[in-house]
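# A look at the structure
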Amino acid sequence: SNHTEFKAGTYFLLEEENGKQASYTNNSKLQFLISSSTQNGTITLSKNIEKVVPGTSMDITVTLSKATSFKIGDNFQIYDEGKLVGIGVIESIVK
């Protein structure tokens, strides 16, 4: 079924892994490739964490701009302006 928000375990790629030399904060606008569909969305970091930097593994919450089909265990990719910056797996569905 279709959802707009999920919690996920993610890894943000190092520049040497073809990632981007950028850090991301709460409400950073990124693109998420889930089940062959790319959606715009924002991230919410774990409590007391101000930013995620390349080379970091972190649990985040993703809020998509429109409902899309996904399930727990699905893998996804995170893009910033067309460049792959992270990978993740959906751990729970919020709504």
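Residues numbered from 1 in each chain as written. Predicted model: local features only at pLDDT ≥ 70, side-chain atom pairs only at ≥ 80, totals over all residues. Heavy atoms only, no water.

A tally of regular secondary structure across the protein chain gives zero helices and eight strands. Its helices and strands taken in sequence order, the protein chain reads β-β-β-β-β-β-β-β from the N to the C terminus. A compact globule built from 95 residues should have a C-alpha radius of gyration of about 12 Å, and the protein chain, at 12 Å, falls within 12% of that. Per-residue burial for the protein chain yields a buried fraction of 40% across its 95 residues. (Helix = DSSP H or I, 4+ residues; strand = E, 2+ residues; numbered from the N terminus. Rg over C-alpha atoms; globule rule 2.2 N^0.38 Å. Buried < 20%, exposed > 50% of the residue type's maximum accessible area, 1.4 Å probe, protein only.)

Glancing now at the sheet that holds strand β1 (residues 2-12). Taken in spatial order, the six strands of this closed barrel run β1-β6-β4-β3-β7-β8, and their pairing is antiparallel. Between one strand axis and the next, the sheet turns through 45° on average, direction left out of account. Relative to strand β8 (residues 83-93), strand β7 (residues 75-80) runs antiparallel, the two sharing six bridges. Its bridge partner being in β8, Asn75 is matched across the sheet by Val89. (Pairing = 2+ DSSP bridges. Axes fitted to C-alpha atoms, helices over the stretch in contact; angles between N-to-C directions.)

Applying the stated criterion across every chain yields a total of four aromatic pairs. On the numbers, 5.2 Å between centres and 70° between planes, the contact of Phe6 with Phe76 is edge-to-face. With Phe6 in strand β1 and Phe76 in strand β7, this residue pair connects regions lying 70 residues apart in the sequence. Of the residues examined, Phe6 reaches a relative accessible area of 0% and is grouped as buried. Taking 5.8 Å as the distance between ring centres and 35° as the angle between the ring planes, the aromatic pair formed by Phe12 and Tyr24 counts as tilted. Of this pair, Phe12 sits in strand β1 while Tyr24 is found in strand β2 (residues 24-25), placing the two residues 12 residues apart along the sequence. When its relative accessible area of 6% is taken as the criterion, Tyr24 is described as buried. Put simply, the rings of Phe6, Phe32, Phe70 and Phe76 pair up and form one aromatic cluster. (Phe/Tyr/Trp six-rings, centres within 6.5 Å; stacked < 30°, edge-to-face > 60°.)

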